[in-house]
Amino acid sequence: PTPTHRRRDAAPRQPALAPELPPRQRHAGRGMALLQMERQDEAREAIDATEAPSQDLGIAVIAHREGRPGEAAERMARFEAASAATPAFVAMAYAMLEDREMTFRWLDTLTAGNASVSPALMPIASRPEFAWLEGDRRWEAFKVRVGQDEERFSEVRFDPSPPG
């Protein structure tokens with residue numbers, strides 16, 4: 001066999017999905033995931049190993065959860081000033097802080113002035129960070145704008161029986 005051929009019993013090669021992240025970015029992602037799983041102590045360790053602006057976001061969430069709103073606001077301001085994060089990510093960050101007004105301010109920037117909204121925004125409506133907004137009329141309006149409203153889903157008909 002030539003070098004381009006593999007044996008049939010060889011494990012398939014996994015495609016490279018993304019370049020390897022630098023260690024500090026890996027810690028930031030791990031820290032945010034641990035925060036979402038309510039594993040505060042482990043999250044704090046991972047976040048402490050990062051650098052700004054990711055560290056500011058992580059510490060803002062921890063400060064919020066520990067009842068230190070002043071520190072949370074200060075860290076979020078630093079995060080916004082230093083970050084090149086997308087409006088969707090900043091909205092998610094404010095949702096993690098349960099800051100309703102800032103969350104909606106950033107969500108509104110995603111859809112402002114758009115006659116048609118990008119399908120890339122659709123997954124936002126199902127992110128767990130935003131679940132606490134259920135029942136808020138502005139959240140329901142956002143879901144309609146991005147095509148994730150209950151009416152649209154109720155129109156979908158699914159027949160699980162096999163054809164024929």
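The notes below deal with the structure included here. Here the structure is a predicted model, which is why all the values come from computation and not from measurement. (Residues numbered from 1 in each chain as written. Predicted model: local features only at pLDDT ≥ 70, side-chain atom pairs only at ≥ 80, totals over all residues. Heavy atoms only, no water.)

1. Quick look at the overall build of the protein
Heads up, the rule is: In DSSP terms, a helix is any run of H or I states spanning at least four residues, a strand is any run of E spanning at least two, and both are numbered starting from the N terminus. Throughout this description, buried means an accessible area under 20% of the type-specific maximum (1.4 Å probe, protein chains only), exposed means over 50%, and partly exposed covers the range between. With residues, only the protein chains shown are counted as cover, and all accessible areas are computed by Shrake-Rupley using a 1.4 Å probe.
Per the secondary structure count, the protein includes eight helices and zero strands. When the helices and strands of the protein are placed in sequence order, the string is α-α-α-α-α-α-α-α. Here the protein, with 164 residues, has 32% of them falling under the buried criterion. Accessible surface for the protein amounts to roughly 11000 Å². Of this, 55% is attributable to carbon and sulfur atoms.

2. Brief notes about the environment of P87
How we decide: Residue contacts are counted whenever heavy atoms from the two residues lie within 4.5 Å of one another.
Topologically, P87 is positioned in helix α5 (residues 87-96). Each C-alpha atom of the pair P87 and W106 lies 5.8 Å from the other, and the pair is 19 residues apart in sequence. P87 has contacts with W106, T109 and L110, leaving out every residue within four places of it along the chain.

3. Examining helix α2 (residues 40-48)
So the rule is basically this: Relevant arc is that of directions from the helix axis to the C-beta atoms, nothing else.
Within the sequence span of α2, burial applies to Q40, A43, A46 and I47. All buried residues of α2 project into a common sector of 125 degrees when viewed along the axis, lining one side. In α2, the exposed positions that point more than 90 degrees away from the buried face belong to D41 and E45.

4. Here's the deal with the environment of A81
In this structure, A81 sits in helix α4 (residues 69-82). Overall, the relative accessible area of 71% leaves A81 in the exposed class. Placed 28 residues apart in sequence, A81 and P53 show a C-alpha to C-alpha distance of 8.6 Å.

5. What about α4?
Rules: Each residue after the first adds 1.5 Å to the expected span of a helix.
Between its terminal C-alpha atoms α4 stretches 20 Å, which fits the 20 Å expected from 14 residues at 1.5 Å a residue. Buried within α4 are the following residues: A72, R75, M76 and F79. End-on, the buried residues of α4 take up no more than an arc of 105 degrees, which puts them together on one face. Turned more than 90 degrees away from the buried face of α4 sit G70 and A81, all of them exposed.

6. Points about the packing of α4 against α5
Our working definition: Helix axes are fitted to C-alpha atoms over the stretch in contact, other axes to C-alpha atoms as well, and angles between N-to-C directions run from 0 to 180 degrees. Our angle categories are set so that under 35 degrees counts as roughly parallel, over 145 as roughly antiparallel, 65 to 115 as roughly perpendicular, and the remainder as oblique. Each residue is assigned to one of three groups, with Ala, Val, Leu, Ile, Met, Phe, Trp, Tyr, Cys and Pro labelled nonpolar, Asp, Glu, Lys and Arg labelled charged, and all others, Gly among them, labelled polar.
Relative orientation of the contacting elements α4 and α5 amounts to 175 degrees, with a least axis distance of 12 Å. Looking at the two axes, α4 sits roughly antiparallel to α5. Along its contact with α4, which presents M76, F79 and E80, the element α5 presents F89, V90, A93 and Y94. For the contact of α4 with α5, the residue count by class is six nonpolar, no polar and one charged.

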